[in-house]
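Given next are the chains, with one letter for each unit.
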Amino acid sequence: MSKKATKAYEAELEQLQIALVESQVWAIEQGRKILVIFEGRDTAGKGGAIKRVTEHMAPRQTRVVSLPKPSDREITQWYFQRYVAHLPAAGEAVLFDRSWYNRAGVEVVMGFSTPEEQADFIRDVPRFEEMLIEGGVQIVKFWLDISKAEQAARLTARVDDPLKKFKISSLDGEAQKRWDDYTVARDAMLSASHTRHAPWTIVATDKKKKARLNVLRHLVRQIGAPTVTVPVKAPDAGICFDFESTALTDGRLAR
């Protein structure tokens, strides 16, 4: 990125973060309950996007949830149970860095749950999310998409960068080996869980900084605060768009 492009990015990022802070002030006053779900392939930039979203938000009213693998006890619970404890109360914003959609993604590909459990999940998740919305929770769902070549480059960079040791996972090696399996799982998940009340927004992330700006643009617009004093551009439709079935075959989703 050139110096000019970097300055433009930083300037818009600052404006969007101001807009997001103003949006949260309004949301707290209104008692809004905001749940933002970040899903995507490994290295798609979930952590980086979440960092820019939360950087200046109210710490007492903002939580990032990234759950470890379930305990032996949690495995025996209703699948959604451990996530429910982290849902937002009035005036709170909760961001899930991966969520209950693990059951439709990594668990499918790696066999961490049974086909019956996976079928139960994909049947139940639209109803579960509808109940949350009826309870006053606003759900914003992001799928961060990345190309196979860019993922390979980022996985290599993780290994070579001593500051990214905590990003290295035992499953990283499977991301490229099982690329096609993850693609099939992604397509099935998006098709089954994209609903009118809880739609998926796709963000192409090969260009990280553009992706982050578009995440922020979309989120500010979804919150919909009337008190935002800075201009917020519409998301770039070539980077950030509502999921639709044609995206599975027209090249907008990486294959």
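Summarised in this report is the structure supplied together with it. Predicted model only: the values in this text are computed from it and were never measured.

This paragraph deals with the pattern of salt bridges. Inspection of every chain in the model, using the stated rule, returns 18 salt bridges. Ionic pairing is found between Arg103 and Glu107, a salt bridge with its closest N-O pair at 2.8 Å. Comparing Arg103 with Glu107, the two get one shared label, buried. For Arg252, the salt bridge goes to Glu244, with nearest N and O atoms at 2.8 Å. In this structure Arg252 comes out as partly exposed when scored by relative accessible area, which is 29%. A residue is classified by how much of its surface remains accessible, and Glu244, at 39% relative accessible area, is partly exposed.

This part is about the packing of aromatic side chains. Applying the stated criterion across every chain, the model contains 15 aromatic pairs. On the basis of an interplanar angle of 90 degrees and a centroid distance of 5.8 Å, the ring pair of Tyr83 and Trp100 is categorised as edge-to-face. In this pair, Tyr83 sits in helix 4 (residues 81-84) while Trp100 sits in the loop between strand 3 (93-97) and helix 5 (106-110), placing the two residues 17 residues apart along the sequence. Side by side, Tyr83 and Trp100 carry an identical accessibility label, which is buried. Measuring from ring centre to ring centre gives 5.0 Å for Trp100 and Phe128, while their planes differ by 90 degrees; the resulting arrangement is edge-to-face. Taken together, the positions of Trp100 in the loop between strand 3 and helix 5 and Phe128 in helix 6 (residues 115-134) put the pair 28 residues apart, joining distant regions of the chain. Each member of the pair Trp100 and Phe128 is classed as buried. Following the ring pairs from residue to residue traces out a cluster consisting of Trp78, Tyr79, Phe80, Tyr83, Phe96, Trp100, Tyr101, Phe121, Phe128 and Trp200.

The rules behind each value
Residue numbering note: each chain is counted from 1, following its sequence as written. Only residues with pLDDT of at least 70 are given local features in this predicted model, and only at 80 or more are side-chain atom pairs given and counted; all residues enter the totals for whole chains, interfaces and linings. Side-chain numbers here rest on the full set of heavy atoms in the structure, without hydrogens or water. Salt bridges are defined as contacts in which a side-chain nitrogen from Lys or Arg sits within 4 Å of a carboxyl oxygen from Asp or Glu. Only protein chains enter the accessibility calculation, which uses a 1.4 Å probe; a residue is then buried when its area is under 20% of its type maximum, exposed when over 50%, and partly exposed in between. Only rings of Phe, Tyr and Trp enter the pairing, Trp through its six-membered ring, and a pair is recorded when the two centres are within 6.5 Å. The plane angle decides the type: under 30 degrees is stacked, over 60 is edge-to-face, the rest tilted. Here a strand is any run of E in DSSP of at least two residues, a helix any run of H or I of at least four, and the numbering for each starts at the N terminus.

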